[in-house]
Amino acid sequence: HFLFNSLNSVYALTIVNPTEAGTMITKLAAFLRGTLKRDDEVWVSVADEMEYIQLYLDIEKVRFSHRLNVAVSIAEDTLSLCLPGTLLQPIVENAIKFGLYNTSTAITITVDVKLENNMLVITVSNPYDPEMKASKGTGFGLSAIRRRLYLLFADSSLLQTESKDNNLYITTLKIPQKDDQNDTN
């Protein structure tokens, strides 16, 4: 769906803003090239994963213009840490889908990356309409991530979701780190 939606947006941009359309095509090509190179079995650095996520977000920002704001915070000490490739993109995609698709107002999605107790902790939060959330989506993306994490770490608690009273949906992903990855001396 992402590809077709992006292509429709590029087509619309070619009419109203050809320069922006060219930029979006370049970013979409880089994103798709990265997708083809990725392998679910390969671990990537936080720096590489966040670069990939940024391309995705840049494309979505063009699609949704002023309605989509993203606040990304990455702790410096996490950039060389590793996580399984392609884990984060479906979480960010869900945040956009459930945060933005059913509203005409601007929203902010936050992505926070930090190291806590030898765990890489990535938190993605988005506003949502609780009534729309219940009726949309199958939950396949998150359940697939949970299964993958369980197969890698035998721990079913590494992906957690919660809804806050202020209609904020928070997804937290934890990736255990080896001690030797965190040695910086």
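Before reading on, note that the structure itself is shown above.
Residues numbered from 1 in each chain as written. Predicted model: local features only at pLDDT ≥ 70, side-chain atom pairs only at ≥ 80, totals over all residues. Heavy atoms only, no water.

Visitor: What is the right way to read the overall build of the chain from this model?
Guide: What the chain contains, in helices and strands, is six helices and seven strands. Ordered by position from the N terminus, the helices and strands of the chain form the series α-α-β-α-β-β-α-β-β-α-α-β-β. Split into buried and exposed, the 185 residues of the chain put 37% on the buried side. Excluding contacts between residues fewer than 6 apart, the proportion of contacts in the chain whose partners are at least 24 apart in sequence is 72%. (Helix = DSSP H or I, 4+ residues; strand = E, 2+ residues; numbered from the N terminus. Buried < 20%, exposed > 50% of the residue type's maximum accessible area, 1.4 Å probe, protein only. Contact = heavy atoms within 4.5 Å.)

Visitor: Explanation requested: unusual backbone geometry in the structure shown.
Guide: Glycine aside, residues mostly have negative phi, and peptide bonds are mostly found in the trans state. In this structure, N117 takes a positive phi of about 50 degrees despite not being glycine. Residue N117 is classed as exposed on the basis of its relative accessible area, which comes to 76%. Here the phi dihedral of N118 falls at roughly 65 degrees; this positive angle occurs in a residue that is not glycine. For N118, the location among the structural elements is in the loop between β4 (107–116) and β5 (119–127). Judged by its relative accessible area of 29%, N118 falls in the partly exposed class.

Visitor: I'm lost on the nonpolar core in this one. Help?
Guide: Inside soluble globular proteins, nonpolar side chains tend to come together where they are buried. Among the nonpolar cores identified, the biggest contains 42 residues, and I96, I122 and V124 are the most heavily contacted of them. Elements that contribute at least two residues to this core include exactly α1 (2–16), α2 (18–37), α3 (46–64), α4 (88–100), β4, β5, α6 (140–153) and β7 (168–176). Looking at this core, the element that brings in the most residues is α3, giving eight residues. Residues within four places of V124 in sequence aside, it is in contact with L88, I91, V92, A95, I109, T110, V111, Y169, I170 and T171. (Core = buried A, V, L, I, M, F, W, Y, C linked by side-chain atoms within 4.5 Å.)

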